[in-house]
2 protein chains.
Amino acid sequence: MLSFTEENYLKALVQLTIFEEGVTEVGVNRLAEYLGVKPATVSDMVRKLKKKALVNYERYGKISLTEEGRFLGMMVIRRHRLWETFLQQKLDFSWDEVHELAEDLEHIHSKKLINRLDAFLDHPEFDPHGDAIPNREGEILIPFRRTLNDGESGKRYKIIAVKDNSSEFLKYLDKLGIAINDEATIINKESFDELITIRFNGKERVLSPKVTDYLFVICASCLKAKKCDC
Amino acid sequence: MLSFTEENYLKALVQLTIFEEGVTEVGVNRLAEYLGVKPATVSDMVRKLKKKALVNYERYGKISLTEEGRFLGMMVIRRHRLWETFLQQKLDFSWDEVHELAEDLEHIHSKKLINRLDAFLDHPEFDPHGDAIPNREGEILIPFRRTLNDGESGKRYKIIAVKDNSSEFLKYLDKLGIAINDEATIINKESFDELITIRFNGKERVLSPKVTDYLFVICASCLKAKKCDC
DNA sequence: GAATTTTGTTAGGCTAATCTAACTTTATAT
DNA sequence: ATATAAAGTTAGATTAGCCTAACAAAATTC
Ligand SMILES: [Mn+2]
Ligand SMILES: [Mn+2]
Ligand SMILES: [Mn+2]
Ligand SMILES: [Mn+2]
């Protein structure tokens, strides 16, 4: 059985080497920074995870997940996102509150519990932040995700997920009236300061890159494909 | 903030000094036995809890809870019993499965979460084992509880709670067809081997003291009083 | 009231997860 | 191709929670 801490290392590795576009391995320093610990600590832990066959790693080399490590990391994320969905849908928490609570709940291990929870929620596909929920095999839909900042003027986009789950960011979106599944048209793109003006639900808003860089979108014409290369 | 372990010590102390009839303090050995650790370990931990003003204790003396310690211990039990109720009512777990899972869930700290859960469940009074759920002030109904083994032949009793939450015991009750809130009449009490025969719901069962000692009852004539001295 | 048993404490050690400080290896830039 | 910078490792310390073994105090028994 994995400890709390070991699970958090695996989860971090999934985030950094699978969800991060085009990266399949990370260094000790990057992982340490991500987890908020010192490189020395990661150095030790990674040796331990290697002994358990959860990561690939050689002295002074890069770290990547093994099949088993990837699966276990995905399970942590599955639990996290299912609990977030439960908290929002059944206990009426707002989307900026659920992440914190799920950080603890994700470490409750029972397989049966999490599958019952999944059924109770009617097998949700996405969590409150628009992130896909891995299935019980650890498989997940990882779409090519572009941000609103990459969008073109005049085109229409659907907001499918947020890249930042922090309470501050999510509350700001609430204030702007922006929510997952909203469709917005870019009516202006200022190249000087990267300000983007969008129109949606009859409203008009000016957004800075601090927002547009953290909103994942799909262009309206690719909606069915759940993938957008155009 | 209390650790997992500290919370388990406080919970154990509530069980031993508040729920156990007529006991207000315990020794190091008893607590160690209850928690499944060595006395030396308890000796250390109790000094730590005293420094945090959660227990009253002097070297070579008995251990009891302070006001604060009692409250925090009660909160652990409140969370435990609310989660048990959730698991049974919403996720369809059976009463012999919920205790194990609640052992982990009880350590999730958010006050808001537990109060939302309470509301979601419609403020239940009792958990799946018939145990009263402490309210948010840490208050609890502690009825005078007698077991079926103390009952008299010919009288009618309602089964209100079980004293043992183990899966084995609860499954045996399922097999006998005995459930919380059943009403049964004692039709025979054998003084030689303490076997008790009851009739309930048209069935008749012979019970050993291993069962009758672990079923809390109230006599049918005192049902409204929720307390039974007769 | 002394001997024995029970109960509780202390000293010293272990493991997991963290740190700091000193060091080594690898990468980058002249 | 060196020098410098960046990345990674190691040694030694700390804290929480546990252990065993030796000891001390308190309670019981004779
Ligand atoms: Mn989250
Ligand atoms: Mn999420
Ligand atoms: Mn229980
Ligand atoms: Mn219970």
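Draft legend 1. Region of the structure containing the coordination of the manganese ion (ligand 3). Residue and element names in this part refer to chain B. For the manganese ion (ligand 3), the full set of protein donor atoms is H80 (NE2), E84 (OE) and H99 (ND1), at a range of 2.0 to 2.1 Å. Within one chain, the residues serving as donors to the manganese ion (ligand 3) are arranged as H-x3-E-x14-H. Between the two metals, the manganese ion (ligand 3) and the manganese ion (ligand 4), the spacing is 3.4 Å, and E84 donates to both. Here the residue H80 and the residue E84 both occupy positions in helix 4 (residues 67–89), the gap between them amounting to 4 residues, near one helical turn. Look at H80 and you get buried, because its relative accessible area is 6%. For E84, a relative accessible area of 0% translates into the label buried.

Draft legend 2. Quick look at the relation of the copies chain A and chain B. When chain A is fitted to chain B, the residual RMSD is 0.1 Å, and the transformation amounts to a turn of 180° plus an axial shift of 0.0 Å. The operation mapping one copy onto its partner corresponds to a two-fold rotation axis. Among all residues of chain A, the minimum C-alpha distance to the rotation axis is found for L105 of chain A, at 3.8 Å. A share of 100% of the interface residues of chain A reappears at the interface of chain B, consistent with the copies meeting face to face through the same patch.

Draft legend 3. Here's a closer look at the protein's contact with DNA strand D. The environment of DNA strand D is formed by 21 residues, the closest being S43 and Y57 of chain A together with S3, T41 and K48 of chain B. Near-protein atoms of DNA strand D (within 4 Å) split between backbone and bases, with sugar and phosphate holding 89%. With respect to DNA strand D, the backbone of K38 of chain B contributes an N or O atom lying 3.0 Å from a phosphate oxygen. Elements with a contribution of two residues or more to the surface near DNA strand D: helix 2 (28–35) and helix 3 (39–51) of chain A together with helix 1 (4–19) and helix 3 (39–51) of chain B. Taken together, the residues that form the surface near DNA strand D break down as 10 nonpolar, 6 polar and 5 charged.

Draft legend 4. View of the packing of aromatic side chains. Following the criterion strictly, the structure yields 9 aromatic pairs over all chains and no others. Their ring planes at 80° and their centres at 6.4 Å tell us that F86 of chain A and F120 of chain B sit as a pair that is edge-to-face. Residue F86 of chain A is located in helix 4 (residues 67–89), and its partner F120 of chain B is located in helix 6 (residues 111–120); the two belong to separate chains. On the basis of relative accessibility, which here comes to 0%, the residue F86 of chain A falls in the buried class. Taking the centre distance of 6.2 Å and the plane angle of 65° together, the rings of F169 of chain B and Y214 of chain B count as edge-to-face. Of this pair, F169 of chain B sits in helix 7 (residues 167–176) while Y214 of chain B sits in the loop between helix 8 (209–212) and strand 8 (215–219); the two residues are 45 residues apart in sequence, bridging distant segments of the chain.

Draft legend 5. Structural detail: helix 5 (residues 98–105) of chain A. Every buried residue belonging to helix 5 of chain A is among V98, L101, A102 and L105 of chain A, and all of these are buried. Buried residues of helix 5 of chain A, viewed axially, fall in a sector of 100°; they line one side.

Draft legend 6. Representation of the sheet that holds strand 8 (residues 215–219) of chain A in the model. Residues and elements named next belong to chain A. Reading across the sheet, the 6 strands line up as 3-8-4-5-6-7 and stay open at both edges, with antiparallel pairing between neighbours. Strand pairing shows two members of the sheet lacking a second neighbour, strand 3 (146–147) and strand 7 (203–207), which therefore form its edges. In the sheet, strand 4 (residues 156–162) pairs with strand 5 (residues 183–189) via 3 bridges, with the strands oriented antiparallel. Bridging across to strand 5, R156 finds its partner in T185. Against the sheet, helix 7 (residues 167–176) touches strand 4, strand 6 (196–200), strand 7 and strand 8, its axis set at about 145° to strand 4.

Calculation rules
- Residues numbered from 1 in each chain as written.
- Chains lettered and ligands numbered in written order.
- Predicted model: local features only at pLDDT ≥ 70, side-chain atom pairs only at ≥ 80, totals over all residues.
- Heavy atoms only, no water.
- Donors = N, O, S within 2.8 Å, 3.2 Å for Na, K, Ca; no water.
- Helix = DSSP H or I, 4+ residues; strand = E, 2+ residues; numbered from the N terminus.
- Buried < 20%, exposed > 50% of the residue type's maximum accessible area, 1.4 Å probe, protein only.
- Least-squares fit on C-alpha atoms with pLDDT ≥ 70 in both.
- Contact = heavy atoms within 4.5 Å.
- Near = heavy atom within 4 Å.
- Polar contact = N/O pair within 3.5 Å; in protein donor to acceptor, adjacent residues only side chain to side chain.
- Nonpolar A, V, L, I, M, F, W, Y, C, P; charged D, E, K, R; others polar.
- Phe/Tyr/Trp six-rings, centres within 6.5 Å; stacked < 30°, edge-to-face > 60°.
- Arc of directions from axis to C-beta.
- Pairing = 2+ DSSP bridges.
- Axes fitted to C-alpha atoms, helices over the stretch in contact; angles between N-to-C directions.

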